[in-house]
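Listed below are the residues making up each chain.
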Amino acid sequence: ALLGSITDLRGDARVMAKQLGGDVFPLKENVIKDYDVIVDAIFGTGLSKDVSGDAKKAIEKANEVKAYKIAIDIPSGIKGDTGEVLSAAFKADKTITFCCKKPAHILYPGKSFCGEVIVTDIGISERTLNEIKRYIYENHPDLWRDKLPKIDANGHKYHRGHAVVVSGDMIHTGGCRLAAKAALRIGAGLVSVSSPDDALAIHGAHLTAIMIRKLNELHSDLKNGRLNAWCIGPAAGTSDLTRNNVIDIILAGKKVVVDADGLSAFEDTPLELFDAIKSIGNNNCVLTPHSGEFTRLFPYLKILDKVSATRSAAKLSGAVVVYKGADTVIAAPDGRTVISNNAPATLSTAGSGDVLAGLVTGLQAQKMPSFEAACAAVWIHSECANAFGVGLISEDLEKITPKIMTELGTFCRQTESL
């Protein structure tokens, strides 16, 4: 079934149509019947306007029948570089694409229309692929494995950094402990919680391996070179104190993850945050917003697709931006962009974002570059959830982290000579 006239075909399409043999019907809704298999090759990745007319009716009819559905390159109706649905889209069980995946294969809502995605070789040379300037990558250990910190048999805890997580008041303490435990599990040599006075006893009752510091001594702690990676935001509150502490940590030149309340505190003054990051050229700041926090911090970018919005936010802020979600996008100010594709639905649970913030901080403490630390933490976070399965709560994530890290090969063992 062909959208348009066979006499209007040109180039390769005309050559192949002549070789086809058999009947070619106009693509109409009534052509779609109870077939065993339907192959969608109406539109390709370059579609940029809404599907309408006969094509839309045929796609909607195909989605209603029980046939096994295969899309060629990308399901018709999906915008290839954003994953947007252009009024209607073919719902495939399997998508066969070429050379490499496209953003829409792993960005929602496009991902949900693709089914299983298979990348097929159609004879494009490796040299040609290497000459293509690709700036978006699917998150995978191959991108950052060589920068993962290794546990050296001759090392000690001070070689692996000291992470600090800033706590909220006495009724807002859980988020920072989730982050702190995650930082410790992923390998930071030491981890402390910086606590207000009214929460000291609460933290003391819950923490053992994690140390406790006084928040009112933050300025002196920032002068301590050993306290090299900081996390602020989980349950910290959106007060002036939180906003000032974020700025002070950044201006002290520390590696820092700003999450949750640490982001929302700048809803009315986002440029204050961005100016602080850029003023000292701090390339070690990571912002980890979910969609609501992103909109509060970057309201003028919400009209863009997720990849463009994240890339623009990273450039504007001067920070690595982790735009969280089922299709988390990580972007660096220099334009490097990674889409993470391994998150299960079970990660949608209270506190999981706090754990992620702690994982990034723990890797930063061990001197892993911030962009790679963010990419690695997002992937590990998702794999922990995949390994645990149904019934996941946020406290489970840090307990699975050692298993995932071991599988990644982070241990450097000395061999004994005989």
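The coordinates are above.
Residues numbered from 1 in each chain as written. Predicted model: local features only at pLDDT ≥ 70, side-chain atom pairs only at ≥ 80, totals over all residues. Heavy atoms only, no water.

1. Some thoughts on the pairing of strand β13 (residues 320–323)
And then number 1: Here β13 shows no split at all, with Val320 and Val322 on one side and Val321 and Tyr323 on the other all buried.
And then number 2: Judged from the two bridges that link them, strand β12 (residues 285–288) and β13 form a sheet pairing that is parallel. Paired with Leu287 across the two strands is Val321, which belongs to β13.
And then number 3: Here three bridges tie β13 to strand β14 (residues 329–331), and the two strands are oriented antiparallel to one another. If you follow Tyr323 over to β14, its bridge partner there is Val329.
And then number 4: Between the end of β13 and the start of β14, which pair antiparallel, lie five residues, with Gly325 showing a positive phi angle near 155°. (Buried < 20%, exposed > 50% of the residue type's maximum accessible area, 1.4 Å probe, protein only. Helix = DSSP H or I, 4+ residues; strand = E, 2+ residues; numbered from the N terminus. Pairing = 2+ DSSP bridges.)

2. What to know about the pattern of salt bridges
Pairs can form between side chains of opposite charge whenever their charged atoms are close.
And then number 1: Across all of its chains, the model carries 13 salt bridges by this definition.
And then number 2: Ionic pairing is found between Asp142 and Arg145, a salt bridge with its closest N-O pair at 4.0 Å.
And then number 3: Overall, Arg145 belongs to the partly exposed group, its relative accessible area being 32%.
And then number 4: For Arg336, the salt bridge identified is with Asp334, shortest N-O distance 3.0 Å.
And then number 5: Among the ionic contacts, a cluster of salt bridges with common partners joins Asp240, Arg243 and Glu272. (Salt bridge = Lys/Arg side-chain N within 4 Å of Asp/Glu carboxyl O.)

The quantities given are spatial measurements derived from coordinates; they are silent on function.
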